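What follows is each chain in one-letter form.
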Amino acid sequence: MRSHGNGEWGPGHHGRGDSEGRRAAFGPFGPPFGGPWGGGGPGGRGGPGGRGGPRGRARRGDVRASILALLVDRPTHGYEMIQEIGERSGGAWRPSPGSVYPTLQLLEDEGLITSESEGGKKLFTLTDAGRTEAEAGPQAPWEEAGRGVDWETMNEIRQAGFGLMEAFSQVWKTGSADQRQKAVAVINESRKKLYLILADQD
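Each value, and the rule that gives it
- Along each chain, residue indices are assigned from 1 in the same order as the chain's sequence is written.
- Thresholds applied to this predicted model are a pLDDT of at least 70 for local features of residues and 80 or more for the giving and counting of side-chain atom pairs; totals over whole chains, interfaces and linings are not thresholded and use all residues.
- To get the side-chain values, take all heavy atoms of the structure and skip hydrogens and water.
- Numbering of helices and strands starts at the N terminus; helices are DSSP runs of H or I of at least 4 residues and strands are runs of E of at least 2.
- One requirement defines pairing of two strands: DSSP has to find at least two bridges between them.
- It only takes one pair of heavy atoms within 4.5 Å for two residues to be counted as in contact.
- Axes, fitted as lines to C-alpha atoms, cover a helix only where it is in contact. Angles between the N-to-C directions of the axes lie from 0 to 180 degrees.
- Between rings of Phe, Tyr and Trp, where Trp is taken as its six-membered ring, a pair exists when centres lie within 6.5 Å; planes separated by under 30 degrees are stacked, by over 60 edge-to-face, and by other angles tilted.
- Type-normalised accessible area, obtained with a 1.4 Å probe on protein chains alone, sets the label of each residue: buried when under 20%, exposed when over 50%, and partly exposed for intermediate values.
- Over a ring means this: the NZ of a Lys or the CZ of an Arg is within 6 Å of the ring centre and within 35 degrees of the ring normal.
- Only buried residues count toward a nonpolar core. Its members are Ala, Val, Leu, Ile, Met, Phe, Trp, Tyr and Cys residues joined through side-chain atoms within 4.5 Å.

A word on the environment of Ala167. Note that Ala167 resides in helix H7 (residues 151-174). Taking the C-alpha atoms as reference points, Ala167 and Ala183, separated by 16 residues in sequence, lie 9.0 Å from one another.

See below:
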């Protein structure tokens, strides 16, 4: 995870002791790369307006429908489709290459799209049959992934996560060994209190 504008948030890459300290702060699996932000942590991949929001799960078939809907506008590369769907869904859904590229191959096998090499990349275009199917299907299938998400609250959570990691990063990079251990204790205590919230305890 990276701090906001300060490079790597902790000096774990400098030695085993630093890495173990970070693990102590966040449990046996190190810092929270998942959590409410989906992949990448706060400010990482998959978020609203950027890569730090929640990653929505689209229903089966949405990848296919989304690809066809995007290609109605213009021929597009596979990677551009992934980015475009992420932007159009407000960051709620960013399909993986592992779901997009096999779907593109399937659509090509079905004669709904064609591809041509352009600068080492494949540019995909709808065939007449593909355009007919696309126009008969949903025009914005990616919108479903963003419904019901409270973006204002998620942004508050993201900013709170930023602030916590910034503070921890500063202590870790500039503090003494004693100060680092105190910072680890604060993180551990905060984590426990968050779980107690779920348990509805004081």
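Quick look at the sheet that holds strand E1 (residues 76-77) now. An order of E1-E3-E2 is seen for the 3 strands of this open sheet, with the pairing classed as antiparallel. Across the chains shown, the open sheet's two edge strands, defined by having one partner strand only, are E1 and strand E2 (113-118). Note that E2 and strand E3 (residues 121-126) share 6 bridges and pair antiparallel. Residue Thr114 lies in a different strand from E3, and its bridge partner there is Thr125. Strand contacts of helix H2 (residues 62-73): E1, E2 and E3, with the helix running at about 85° to E3, the strand carrying the most contacts.

This part covers the pairing of E3. Here E1 pairs with E3 via 2 bridges, running antiparallel. Residue Thr76 lies in a different strand from E3, and its bridge partner there is Phe124. Taking the residues between adjacent antiparallel strands as the criterion, E2 and E3 are bridged by 2 residues, where Gly119 takes a positive phi near 60°.

With that settled, the discussion passes to the packing of aromatic side chains. Evaluation of the coordinates by the stated rule reveals 1 aromatic pair. Taken together, a centroid distance of 5.4 Å and an interplanar angle of 25° make the contact between Phe168 and Trp172 stacked. Of this pair, Phe168 and Trp172 both sit in helix H7, 4 residues apart, which is roughly one turn of the helix. The residues Phe168 and Trp172 share a single accessibility class, namely buried. Cation over ring: Arg180 sits above Trp172, and NZ or CZ is 4.9 Å from the ring centre.

Let us now look at the nonpolar core. The tendency in soluble globular proteins is for nonpolar side chains to be buried side by side. Counting 19 residues, the largest nonpolar core has Ile67, Leu71, Met81, Leu104 and Ile113 as the members making the most contacts within it. Of all the elements, H2 adds the most residues to this core, at 6 residues. Residues contacting Met81, with those up to four places away along its chain left out, are Ile67, Leu70, Leu71, Thr76, Leu104 and Phe124.

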